[in-house]
Amino acid sequence: MPMEKKNLDWGNLGFAYMPADYSYVCNYRNGVWEEGGLTTEHSLTLSECAGIFHYCQEIFEGLKAYTAENGDIVCFRPDLNAQRMGDSAQRLCMPPFPEDRFVEAVKEVVRANAAWVPPFGSGATLYIRPFMIATGNVIGVKPADEYQFRIFVTPVGPYFKGGDTAITITVADYDRAAPHGTGNIKAGLNYAMSLYPGEKAHAAGYSENLYLDSQTRTYVEETGGANVLFVDKQGDLIVPQSATDSILPSITRRSLVTVAKDYLGLTVIERPVKFEEVLNGDFVECGLCGTAAVISPVGHIEAEGVDVTFPDGTETSGPVMKKLRATLTDIQAGKIEGPDGWVVKIL
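Note that the structure is a prediction, hence the values are computed from the model and not measured. (Residues numbered from 1 in each chain as written. Predicted model: local features only at pLDDT ≥ 70, side-chain atom pairs only at ≥ 80, totals over all residues. Heavy atoms only, no water.)

1. Points about the nonpolar core
This is how it is decided: What makes a nonpolar core is a set of buried Ala, Val, Leu, Ile, Met, Phe, Trp, Tyr and Cys residues whose side-chain atoms join them at distances within 4.5 Å. Any residue under 20% of the maximum accessible area for its type is buried, any over 50% is exposed, and the rest in between are partly exposed; the area is computed with a 1.4 Å probe on protein chains only. Each helix is a run of DSSP H or I of at least 4 residues and each strand a run of E of at least 2, with the numbering of both proceeding from the N terminus. Residue contacts are counted whenever heavy atoms from the two residues lie within 4.5 Å of one another.
By size, the foremost hydrophobic cluster in this structure holds 38 residues, and its most contacted members are Val 110, Ile 128 and Phe 149. At the level of secondary structure, the elements contributing two or more residues to this core comprise β1 (23–29), β5 (63–67), β6 (73–76), α2 (78–91), α3 (99–112), β7 (125–134) and β8 (147–156). Tallying contributions element by element places α3 first for this core, with six residues. Not counting chain neighbours up to four residues away, the residues in contact with Ile 128 comprise Glu 61, Gly 62, Leu 63, Lys 64, Ala 65, Cys 75, Val 106, Val 110, Ile 151, Phe 152 and Val 153. The next biggest cluster of nonpolar side chains, apart from the first, holds 23 residues, and it includes Phe 76, Ile 295, Leu 328 and Trp 342.

2. Examining unusual backbone geometry
In this model, Asn 30 sits at a positive phi of 55°, which is unusual for a non-glycine residue. If you trace the backbone, Asn 30 turns up in the loop between β1 and β2 (32–33). Judged by its relative accessible area of 78%, Asn 30 is exposed.

3. Things to note about the state of the cysteines
Definition in use: Disulfides are defined as pairs of cysteine sulfur atoms found within 2.5 Å of each other.
What the rule picks out here adds up to zero disulfides. Cys 26 takes part in no disulfide bond, and the closest cysteine sulfur to it belongs to Cys 75, at a distance of 19 Å. With no disulfide of its own, Cys 56 lies closest to Cys 93 among cysteine sulfurs, the gap being 14 Å.

4. Section: α2
Put simply, the rule is: Residue count minus one, scaled by 1.5 Å, sets the expected span of a helix.
Compared with an ideal rise of 1.5 Å per residue, which puts 14 residues at 20 Å, α2 spans 20 Å between its outermost C-alpha atoms and is within 8% of the ideal. Every buried residue of α2 is listed here: Pro 78, Leu 80, Asn 81, Ala 82, Arg 84, Met 85, Gly 86, Ser 88 and Ala 89. Taken from the residues just after α2, Cys 93 is the one with a positive phi, measuring 55°.

Shape descriptors only; they carry no functional weight alone.
This is how it looks when you write it as structure tokens:
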């Protein structure tokens, strides 16, 4: 018997928080992670001296659950989110949440909120946000001794309202992350750094900021919330790399690289990309990739002295970005069989 879904206008959801029925919570005390489990409480009560408020010990992840074409509720590569969150925890001196428990917690909270998973074909998904904060009291500059790991879920529509409409981005005058800093982990502090330039960009009519490397301001790094992909005149997929390890290792980007190579037969070149190449018109397509949007096409980059148009994707996704996005989303939806372990059945 089909599960009764929540009475929502699934096709017109925005990308905003809507509390579901259950969250998952687990505390770290006395050097160990406790059992953890589901909760209907969506608020936190913390000491004013909790480490999160003073020394920014906070990390998070983002992934999605989908209704596949056959009706299964599935999740995409949660093991990589577990692994990346462990790496983030190590970097901020936080106790990593065990990877196997992370995956099981994702499954548990999605099962409990199955009625909130949008139906197949609606264009919406269930966004899953695991995060960890320092809850223990700390005044001196040092790691806290208590932490809380939580997962909440919320049904969402497209990240960018225009769907496949190409966006226009600008070049930030500010830096996102220092060389050899924390740009390669998923910590709230990195995103806090991007809020001010992000608001400036939005006020000027741009959808996002493109950040250049902060050491030389020569190379393309990423945007405030997504990795960058290019297609050159030969039709090759060009994936920017960071010489100073300042780019977040996007799971979507890594998956798209595999799709490009193994499913579409494209040549994929992962290398540092000079912004000068972008200015010279060496690329015919550009896209921003991440969990929230999968791929958002970029039609133009504008800034002081900068006016770049990507000719094959000016108004909507170019042919390569369109194929990449369609193939990955078809794998996620179960229309195409993906590599072993990519699509994890939950219910």
